[in-house]
Amino acid sequence: RMYPRSVMLTVLAAPTRSGTCNAVLQTVRAASTDTATEDGYCSIYHTHIPTNSLQKALLAAGSAFMSLYDPYRHDMVAVLAETTGQLAVRTLRDRMRNDVEGHRILQERPRINSSTLDLTGLRKLPEGTFGREYIRFLDVNRVTPDSRMPVRFVDEEELAYVIQRYREVHDFMHTLLGMPTNILGEVAVKWFEAVQTGLPMCVLGAVFGPLRVSTRNIHVLTRDLIPWAVQCGRAAHCVLNIYYESRWDQSLESLREEIGILPCPPLQCPTQA
């Protein structure tokens, strides 16, 4: 398939509501159906939508605004990661290439979703194993491994897989860190991921996420969780170099020790928000 270089550069002049960013996404998607172009881009992988630098800048601006306005707009968070993280993703890819387990992941391209995971089998694993605790995380927080957006705006297939892998192991980070999916847990995980990956999207979420934390909990975040998450991010091995699918029956504690995840400090106030 061929894609036009020119996409209508509308909206985003004043991104004041979600429809603005959605309009940009729809405009770029619409371009994918136009095959009559003299200088087009070729799709590199199944979900790829080629874009030029100006289009990426527009998508980055709109998705950044919406990600700050509504951190639960996972589609906007995904676009922001893809349009701003090229240098960080290249660094992550190189770290994977230079690691035995990371290189194997790049070669085999495992995916994490309900069709590739034996969720029933994981439920039967002994208490305390990584696989069983991952299932517990999914159940308690009512999330699914199918919730991750496909990569669309990364223009190299291997880099696209690295971002996809990062997204799909996100719930493993929650499991390893023992963090729930409330705002405190998400901010703590984002600080950990920001240090680990250097992705601008993670840095943005880490810096601005605390603005949405209640006054009651801001102290536990700034005094306890953020320093701990930063320390863990610095001490831990690259989390993309762990072949988690071969570690299901490993104890969660031993996996934490292997990676370098430090114990969470005692929290000194309620963390309901």
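Residues numbered from 1 in each chain as written. Predicted model: local features only at pLDDT ≥ 70, side-chain atom pairs only at ≥ 80, totals over all residues. Heavy atoms only, no water.

Thoughts on the overall build of the protein
Then, in step 1: Of the regular secondary structure elements, the protein holds 13 helices and two strands.
Then, in step 2: Considering the protein as a whole, with its 273 residues, one finds that 49% of them fall into the buried category. (Helix = DSSP H or I, 4+ residues; strand = E, 2+ residues; numbered from the N terminus. Buried < 20%, exposed > 50% of the residue type's maximum accessible area, 1.4 Å probe, protein only.)

Focus: the packing of aromatic side chains
Then, in step 1: Overall, the coordinates contain seven aromatic pairs when judged by the stated rule.
Then, in step 2: Measuring from ring centre to ring centre gives 5.1 Å for F172 and Y244, while their planes differ by 50°; the resulting arrangement is tilted. Of this pair, F172 sits in helix 9 (residues 170–177) while Y244 sits in the loop between helix 12 (215–235) and helix 13 (252–259), and the two are 72 residues apart along the sequence. Accessibility assignment for this pair places F172 and Y244 in one class, buried.
Then, in step 3: Through a chain of ring-to-ring contacts, the aromatic side chains of F130, Y134, F172, Y244 and W248 assemble into a single cluster. (Phe/Tyr/Trp six-rings, centres within 6.5 Å; stacked < 30°, edge-to-face > 60°.)

Observations concerning a nonpolar patch on the surface
Then, in step 1: Together, L68, V203, V207, F208 and L211 make up an exposed nonpolar region whose accessible area comes to about 440 Å².
Then, in step 2: A total of three residues in the nonpolar patch trace back to one element, the largest contributor, which is helix 11 (residues 200–208).
Then, in step 3: Mapped onto the elements of the fold, L68 is located in helix 2 (residues 53–69). (Patch = residues over 30% accessible without salt bridge, like charges linked within 9 Å, V, L, I, M, F, W, Y side chains within 5 Å. Areas by Shrake-Rupley, 256 points an atom, 1.4 Å probe, with all protein chains shown as cover. Salt bridge = Lys/Arg side-chain N within 4 Å of Asp/Glu carboxyl O.)

Description of the pattern of salt bridges
Then, in step 1: One pass over the full model with this rule turns up 21 salt bridges.
Then, in step 2: Between D75 and R73 there is a salt bridge, with its nearest N and O atoms 2.8 Å apart. For the pair shown, D75 and R73 are each scored as buried.
Then, in step 3: The partner of E133 in a salt bridge is R136, and the shortest N-O contact between them spans 3.0 Å. Taken together, the positions of E133 and R136, both in helix 7 (residues 130–141) and three residues apart, correspond to about one turn of that helix.
Then, in step 4: Since its relative accessible area comes to 18%, E133 is described here as buried.
Then, in step 5: What you see here is one network of salt bridges that share partners, running through R93, D94, R97 and E158.

Quick look at the nonpolar core
Then, in step 1: Formed by 64 residues in total, the largest nonpolar core has its most connected members in F172, M173, F192, Y244 and I259.
Then, in step 2: Per element, the largest residue contribution to this core is eight residues, and it comes from helix 12. (Core = buried A, V, L, I, M, F, W, Y, C linked by side-chain atoms within 4.5 Å.)

Comments concerning unusual backbone geometry
Then, in step 1: You will see that R109, though not glycine, has its phi angle at about 50°, which is positive.
Then, in step 2: What makes R109 partly exposed here is its relative accessible area of 25%.
Then, in step 3: A positive phi is found at R142, a non-glycine position, where the angle reads about 55°.
Then, in step 4: Its place among the elements puts R142 in the loop between helix 7 and helix 8 (157–168).
Then, in step 5: Here R142 falls in the exposed class, since its relative accessible area comes to 79%.

Considering helix 4 (residues 86–97)
A turn of α-helix holds 3.6 residues, and therefore any two residues three or four places apart point the same way.
Then, in step 1: Across its 12 residues, helix 4 extends 16 Å between first and last C-alpha, which sits within 8% of the 16 Å expected from 1.5 Å per residue.
Then, in step 2: Against the buried residues of helix 4 lie helix 5 (100–108), helix 8 and helix 10 (183–197). (Expected span 1.5 Å × (residues − 1). Contact = heavy atoms within 4.5 Å.)

Digging into helix 11
Then, in step 1: Listed as buried for helix 11 are M201, C202 and A206. Around the axis of helix 11, the buried residues are gathered within 130° of arc, so they sit on the same side.
Then, in step 2: Tucked inside the fold, the buried residues of helix 11 contact helix 3 (74–84), helix 8 and helix 10. (Arc of directions from axis to C-beta.)

A short note on the environment of F65
Then, in step 1: Tracing the backbone through its elements, the reader meets F65 in helix 2.
Then, in step 2: With relative accessibility at 30%, the residue F65 sits in the partly exposed group.

Let's talk about the environment of D249
Then, in step 1: Mapping D249 onto the fold places it in the loop between helix 12 and helix 13.
Then, in step 2: Residue classification places D249 among the exposed residues on the basis of a relative accessible area of 59%.
Then, in step 3: Through-space distance from the C-alpha of D249 to that of L122 is 8.6 Å; in sequence the pair is 127 residues apart.
Then, in step 4: If we ignore the near neighbours within four places in the chain, the residues touching D249 are L125 and T129.

Description of the confidence of the model for the protein
Then, in step 1: With 82% of its residues at a pLDDT of 70 or more, the protein shows a mean pLDDT of 85.
Then, in step 2: A low-confidence stretch, residues 1–18 stays under pLDDT 50, and its non-local contacts, those more than four residues away or across chains, total 55 contacts.
Then, in step 3: Counting interchain partners and residues more than four positions distant, the pLDDT-below-50 stretch residues 31–40 has 17 contacts. (pLDDT = per-residue confidence, 0-100.)

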